[in-house]
Amino acid sequence: TKSNTFGEMRSLLSRCVSVVILLSWAQLLLAHVGSPSVHVLHPLDSQELHGDWQFHVLALVENAATVELSVNGDTVASVTGERFAVLRIPNLLLGHHLLELSLKDSSGSPLSDQPQAEVWVWVRTGVPNVQQTWSFRLGIPTPVDALLPPAANHVQSDGNLTVIWTCGRCERAWEGWVAEMLSATPHASLRDPAMVTTATNALIVVGPDSQADIEFTFRVAAYVLRLRAAGNRVGILHLAGPESTNNDDERKVSAQYVWYAWAHYVVRQRWSSSVSGLSHVHTPPLGFMGPSWPVAQDCALAGATPNACPATRSSLSVAILEASHPDFGVTGEEAHVAAAAMAEGLGGGSTKLDGVGTAKVRVMRDRGHLAEAGLVLVPCRAKHPDADTDSAGGECESTLLYAALNAGVVPVIEARDWVPRVLPGPLPFPVVPVGEWSRATMDAQELLEMKERTAAWWRQTKQTVAAKVLFLALEQNLPAATTRPIPCVSDCDCLGGDACRNSECVSSPGLAHCPHSSRLFNHIFTNVWVINLRSSLHRYESGLKRQLFKYGLKSKRWEATDGRNFTSLDLQSVLAEGLISPQFDVLVGDPTHTVIAVAATHVAIMKNAIERGDKWTFVLEDDALLCPHFAQAFETHWSALPPYEEVDAVFVGTGSNGRPPLQIVNEHVWRPAQTVGMHAWAFSLHGAKRLLAALLPFRIAIDSQIHNELLDKLNIFAFPEPAERFAPGLNQSGFYPPGSNYHGLASVDKRFPTQIPKDFHPPMTAPVVVITTPLDGASVPSNETVLFSVLVHNVVLPLEGQTRVYLDSQLLGELNGTWTTLVLPAIAPGPHTAEAVIVDTNGVELGVETAVTFTAV
C-alpha cells in the first residue's frame, strides 16, 4: 500500500512539473511574440497639419500583419507586413479630424473590436507654429524610447550651435558645403549616428540614408521629438536626395517631411516643390559644396572641334564640355557652335585688349584649369547627381555653374524654371532663352566688367546665405556694417520716399522728387487706391502718400475694414452675404478677423471699379515700398504686358515663396506660381468680374486662394525684379525682406509693423459661436416653422461640450455639431431674442455666447 501511494504521488508530481514547464514555455513564447500593438509617432495628438507634405501617419506596428487607417470613420489606407508603417492621409478639408488605426492578422481578420490607436488632428492653412503647446503636451510618444537608446550625452551650447552628424557617410562629402554655410555662425561639430546626444541648440544633419532606410526616418523623427520635448532649440540640415515618381517610394521619401513641423527651422541643399516654399525652410544654392571640376584645354578657333591641343593661358577663352562627356547633353552641339561665335567676338577686331591673348574655345574633359577661362557655357545636362529636374526636360542645376562662380569665371546659362527659385536676382551673368546661346555675345571689355560684377554678386550671395543661417541658428543678425549703402546721384536712386543727400539715400523730413515722367501711369489708372485703417492714418501720411508724391503719381485713400472691431453679428452678416464660407475656421475662428477684413476690403474695391466701369485699378496696401526709379521701371514692365483683353490682374509686387514662375513671358513679365501678399496689384475691369466670380465665398486668405485656385485659370501676371539700371543693389540695400522671396517693383516697408498677416495666421484657440439664421433684425412668418442654425468653431462637439439655444430666455435645446440646425414649430407674433451659449461637458457655460433679435409677423 505504501509503495502504491508513493508511486501515485511521484506520478502526480511528475505531471505537475510537466504542467509548470509547459506554462513556463507558454509564458516565454508569449513574451517573445508579444501582444499586437500599434504606436503612432506622427501626427501627435491634437497636432495641426498645414499641408500635403504632412499628410502621413508614421506608426510602429508590433505582432500584426496589417495596419489600417481610418479618417472620420472611413477606411483610407492600409499597409501589410511592415513594422515601420507609413500610411498616406488623403487630402482633408480644413477643420478637425479623427484618425484611427486598427490591426488585422494574416487572414485579414480584425484583432480587436476597437481601434488600437486614435489621434485627433486639426487641418489649418499657413505654416507650422513650432512654439505651439500641442507639440508635447501629452509627453513623448511611446515609439521614441523603443527606437532610440537612452540619452547619454548632453551639450550645453552656451550661445553656440552644436552640429550633430547622424549620417555615417555624408560628413566627408558635405563638410565643406556645411562649413561655408556656417561660416558666420559659432559652432562645434560631433558625430552621433546612435542619436544619444542632446544639446540646448542643436542642428541635426540628416543624410540621404533616410530615403533608403525607412527605419532611419522613424529614428530621426523620434530624435527630433526627444530634443524638442526637453525644451531645446532644434534645426534640421537635410541633405536630401532626389524625389521619386514611384508612388510607394514617394510615400516613404515624403514621410521624411514630418520632421519639418517639429523643427524650429530647416536647411536643405536641394529644392523641393513640397517644402522649400515654407517660411521656416531655407534652400541655399546647391553648389556651395564647390567640387573641383573639369580641366579646360585650348583649341584653335579655326578647328572648332573638340580635339586636344596645347594649353595656352587666355582669360578671354570660352569653355565648354567635350562632346564625348556624359553630361554634354542635348543642347551641347548648339552650345559648341555658339562658343565659337562668342570666342570670335571676344578676340577679334578693335575689342581685343592689350596684353590679352586671342580668344579660343576651351574644351573641358578633366579636372583642373577652369579659372583660366573667361566664359563657360553650362548646358542643361551639365548636372549635379542630386540636381532637380527642370520642367522643360533635363537636370539643370549644375555643379559646373557653381564651379565657374567659385573660380571667378562668367557662366552662361539657359532661362530654365529652376533659375529664379534658386538664384537671387537680378543675375549679373548671361541668362539666354533655351538653346539660343548666341544671344550671349559680348566684347572683351564687357566680359571683364561682367566678371567683376559676377564675383561681387557671388560673394554677396554667400554672405546672404551665411547671414540667413546665422539668424536661423542663433536668432542673430550680422552686424549692420556688413551692408554698405548704395551711393546715389538723385532722389530717383532711393527707395520709397527717401531722398538723396550728400550722395547717400536718407529719410528726409522734406519731400523727395524724381523728375521722370509719370504721364503713362496716371493715364492708365483712373483710380489708385491706398488701403489704410482709420486708426493708422499716420502710416499713409508718412509712407505711401510721400512715395507717390515723389513720382507725381495720383492716389486716393481707401478706408480699410477693421477686423478687430468685428462682432458675432458682423460675422453673421458676411456669412449671409456669401463673402466667406462657414466651413473654414481660419476665417470664422480667427480672433483678429484680419483675413476676413482684408478680403472684404479688396472685394469692396473691385465692386467699386465694376460699378464705375474703370478700365484699370491699382491697389496698394499702406505698408508697400516702391523701388528706386519706380515710374520709369513701371513704364518698362507695363509696356511688356500682353494686350489689355488678355490680362485679368497684375501683381506689381508680391512674393513667390521660392516657387518658380509658371511661365517666363519675357524678361519683364512672369506668370507667377504663387502670390504672397496683396500689397501692390492692379486689375482690369473684366478681371475684377472674373476674380469675384471665382473667389467668392472665401475659404482662406485672398492671396492664398488666388495662388491655390486661379493662377492656371485666369490671366494673372507678375513683375520680376526690376532691371539693374532702374534699381541698383536692391538685394544689398535690403529692399526685399526675407521669408517669402519677394520680387517686383514694390516690396513691404519693414518700418511699418504689418497689420495684415501674410506668412501666418494667429493661433485660433478661442471658441466662436455664430447664429447664422435667423438674421439679426430679420422678420420671420409666425405661422411657419423657424430654423435656428448655429455655427461653432475651435471647440470639439460633443467631446468638449454642447451648444445651448435659448428663445426669450427659455431653453429650446442642445446642439452637438459644428454646424447644426434646430427646427421649431410656429412661434407667437412679436419681437423675440435668440441666444446661443457654449457649455462644457459638465454643463458649465464657457462665457462664449451670441444673440440676435428678430420679429415674427
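In case you missed it, the structure is sitting above this.
What counts, and where the lines are drawn
Residues numbered from 1 in each chain as written. Predicted model: local features only at pLDDT ≥ 70, side-chain atom pairs only at ≥ 80, totals over all residues. Heavy atoms only, no water. Helix = DSSP H or I, 4+ residues; strand = E, 2+ residues; numbered from the N terminus. Buried < 20%, exposed > 50% of the residue type's maximum accessible area, 1.4 Å probe, protein only. Contact = heavy atoms within 4.5 Å. Areas by Shrake-Rupley, 256 points an atom, 1.4 Å probe, with all protein chains shown as cover. Disulfide = S-S within 2.5 Å. Phe/Tyr/Trp six-rings, centres within 6.5 Å; stacked < 30°, edge-to-face > 60°. Lys NZ or Arg CZ within 6 Å of the ring centre and 35° of its normal. Pairing = 2+ DSSP bridges. Axes fitted to C-alpha atoms, helices over the stretch in contact; angles between N-to-C directions. Salt bridge = Lys/Arg side-chain N within 4 Å of Asp/Glu carboxyl O. Parallel < 35°, antiparallel > 145°, perpendicular 65-115°, else oblique. Nonpolar A, V, L, I, M, F, W, Y, C, P; charged D, E, K, R; others polar. Core = buried A, V, L, I, M, F, W, Y, C linked by side-chain atoms within 4.5 Å. Left-handed = near helix turned anticlockwise from the far one by under 90°.

K.L.:
Explanation requested: the overall build of the chain in the structure shown.
P.N.:
Helix and strand content of the chain: 19 helices and 43 strands. With 857 residues in all, the chain has 54% of them scored as buried. A separation threshold of at least 6 residues defines the contact pool for the chain, and within that pool the share at least 24 residues apart is 73%. For the chain, the accessible surface area stands at approximately 36400 Å², while carbon and sulfur atoms represent 53% of it.

K.L.:
Help me out: how do you make sense of the state of the cysteines in this one?
P.N.:
In protein chemistry, a disulfide is the covalent bond that joins the sulfur atoms of two cysteines. Within the structure shown, the criterion is met by two disulfides. Two residues, Cys492 and Cys514, share a disulfide whose sulfurs are 2.0 Å apart. The sign of the S-S torsion, about 105°, decides the handedness of the disulfide formed by Cys492 and Cys514: right-handed. In this pair, Cys492 sits in the loop between helix 10 (444-474) and strand 23 (499-501) while Cys514 sits in the loop between strand 24 (504-506) and helix 11 (519-524), placing the two residues 22 residues apart along the sequence. Here Cys492 matches Cys514 in class, with each residue buried. A sulfur-sulfur distance of 2.0 Å marks the disulfide that ties Cys494 to Cys505. Torsion about the S-S bond of the Cys494 and Cys505 cystine: about -85°, corresponding to left-handed handedness. Placement of Cys494 in the loop between helix 10 and strand 23 and of Cys505 in strand 24 is noted, with a sequence separation of 11 residues between them. Relative accessible area serves as the criterion here: at 0%, Cys494 is assigned to the buried category.

K.L.:
Sorry, what's going on with the packing of aromatic side chains here?
P.N.:
We describe a pair of aromatic rings using the distance from one ring centre to the other and the angle between the two ring planes. In total, this model carries 20 aromatic pairs according to the counting rule given. Taking 5.0 Å as the distance between ring centres and 85° as the angle between the ring planes, the aromatic pair formed by Trp529 and Trp558 counts as edge-to-face. Within this pair, whereas Trp529 is found in strand 25 (residues 527-532), its partner Trp558 is found in strand 26 (residues 556-559), the two being separated by 29 residues in sequence. Both rings, one in Phe651 and one in Trp681, keep their centres 5.9 Å apart while their planes meet at 20°; by these two values the pair is stacked. Of this pair, Phe651 sits in strand 29 (residues 649-655) while Trp681 sits in strand 32 (residues 676-684); the two residues are 30 residues apart in sequence, bridging distant segments of the chain. By the burial criterion, Phe651 is buried, and Trp681 matches it. The rings of Phe521, Phe525, Tyr551, Trp616, Phe618, Phe630, Phe634, Trp638 and Tyr644 are connected pair by pair, giving a single aromatic cluster. A cation over an aromatic ring shows up here: Lys615 above the ring of Tyr644, its NZ or CZ 4.7 Å from the ring centre.

K.L.:
Whenever I open this one, the pairing of strand 4 (residues 66-71) confuses me. Can you help?
P.N.:
Here is the key point about a regular strand: its side chains alternate between the two faces of the sheet. Counting buried positions over the six residues of strand 4 gives six, a clear majority of the element. Judged by which residues are buried, strand 4 turns out to be covered on both faces: Thr66, Glu68 and Ser70 on one side and Val67, Leu69 and Val71 on the other are all buried. Here six bridges tie strand 4 to strand 5 (residues 74-80), and the two strands are oriented antiparallel to one another. Following the sheet pairing, Glu68 is matched in strand 5 by Ser78. Two successive antiparallel strands, strand 4 and strand 5, enclose a turn made up of two residues, where Asn72 displays a positive phi of approximately 55°.

K.L.:
What should I look at first to understand the sheet that holds strand 3 (residues 56-62) in this one?
P.N.:
Neighbouring strands of a sheet are bound in pairs by backbone hydrogen bonds; such pairs are parallel or else antiparallel. Taken in spatial order, the three strands line up as 1-3-6 in an open sheet, and their pairing is antiparallel. In this open sheet, the two edge strands, each paired with only one partner strand, are strand 1 (37-42) and strand 6 (84-88). Neighbour-to-neighbour, the strand axes of this sheet turn through a mean angle of 30°, independent of strand direction. Packed onto the sheet, helix 5 (residues 214-229) meets strand 1, strand 3 and strand 6 and runs at close to 85° relative to strand 6.

K.L.:
Where do I start with the sheet that holds strand 16 (residues 281-282) in this structure?
P.N.:
An order of 11-10-13-14-15-16 is seen for the six strands of this open sheet, with the pairing classed as parallel. In the strand order of this sheet, the two ends are held by strand 11 (187-191) and strand 16, each with one partner. Across four bridges, the pairing between strand 10 (residues 161-165) and strand 13 (residues 201-206) is parallel. Of the residues in strand 13, the one forming a bridge with Thr162 is Ala202. Contacting strand 10, strand 13 and strand 14 (233-238), helix 5 crosses the sheet at an angle of about 175° to strand 13.

K.L.:
Whenever I open this one, the pattern of salt bridges confuses me. Can you help?
P.N.:
Pairs may arise between side chains of opposite charge once their charged atoms sit close together. Evaluated as defined, the whole model comprises 13 salt bridges. Linked by salt bridges that have partners in common, Arg534, Arg557 and Glu559 make up one network.

K.L.:
What should I look at first to understand the environment of Leu87 in this one?
P.N.:
Within the secondary structure, Leu87 sits in strand 6. For the pair Leu87 and Leu69, spaced 18 residues apart in the sequence, the C-alpha separation amounts to 7.2 Å.

K.L.:
Explain the packing of helix 8 (residues 399-406) against helix 10 to me, please; I cannot follow it from the model alone.
P.N.:
How two helices pack is summed up by the angle between their axes together with the distance between the axes. Viewed as axis vectors pointing N to C, helix 8 and helix 10 meet at an angle of 110°, and their least axial separation amounts to 9 Å. The pairing of helix 8 with helix 10 is recorded here as roughly perpendicular in orientation. On helix 10, the residues that touch Tyr402, Leu405 and Asn406 of helix 8 are Thr454, Trp457, Trp458 and Lys462. Among the residues making up the contact of helix 8 with helix 10, the classes are represented as four nonpolar, two polar and one charged.

K.L.:
It is not clear to me how unusual backbone geometry should be interpreted in this structure. Could you clarify?
P.N.:
Glycine aside, residues mostly have negative phi, and peptide bonds are mostly found in the trans state. With omega at -5°, the peptide bond leading from His42 into Pro43 counts as cis. Mapped onto the elements, Pro43 comes out in the loop between strand 1 and strand 2 (47-49). Here the bond from Leu696 into Pro697 is cis, since omega is -5°, no more than 30 degrees from zero. Within the fold, Pro697 resides in the loop between helix 18 (685-695) and helix 19 (702-709). One non-glycine residue with positive phi stands out, namely Met195, at about 60°. Along the chain, Met195 falls in the loop between strand 11 and strand 12 (197-199).

K.L.:
Looking at this structure, how should I read the nonpolar core?
P.N.:
In summary, soluble globular proteins display a tendency toward joint burial of nonpolar side chains. One finds Phe525, Leu620, Phe630 and Trp638 to be the most contacted residues of the largest nonpolar core, which totals 42 residues. Ranked by residue count, the leading element in this core is helix 17 (residues 630-638), at five residues. The next biggest cluster of nonpolar side chains, apart from the first, holds 40 residues, and it includes Leu41, Leu60, Phe84 and Ala202.

K.L.:
Even after reading the chapter, I still don't get the packing of helix 16 (residues 594-612) against helix 18, so can you show me in this structure?
P.N.:
Look at helix 16 against helix 18: their axes get within 9 Å of each other, and the N-to-C directions meet at 130°. As the angle between them shows, helix 16 and helix 18 are arranged oblique. Considering only the axes of helix 16 and helix 18, their crossing is left-handed. Where helix 16 abuts helix 18, its residues Val603, Met606, Lys607, Ala609 and Ile610 lie against Leu685, Ala688, Lys689, Leu691 and Leu692. Split into classes, the residues belonging to the contact of helix 16 with helix 18 amount to eight nonpolar, no polar and two charged.

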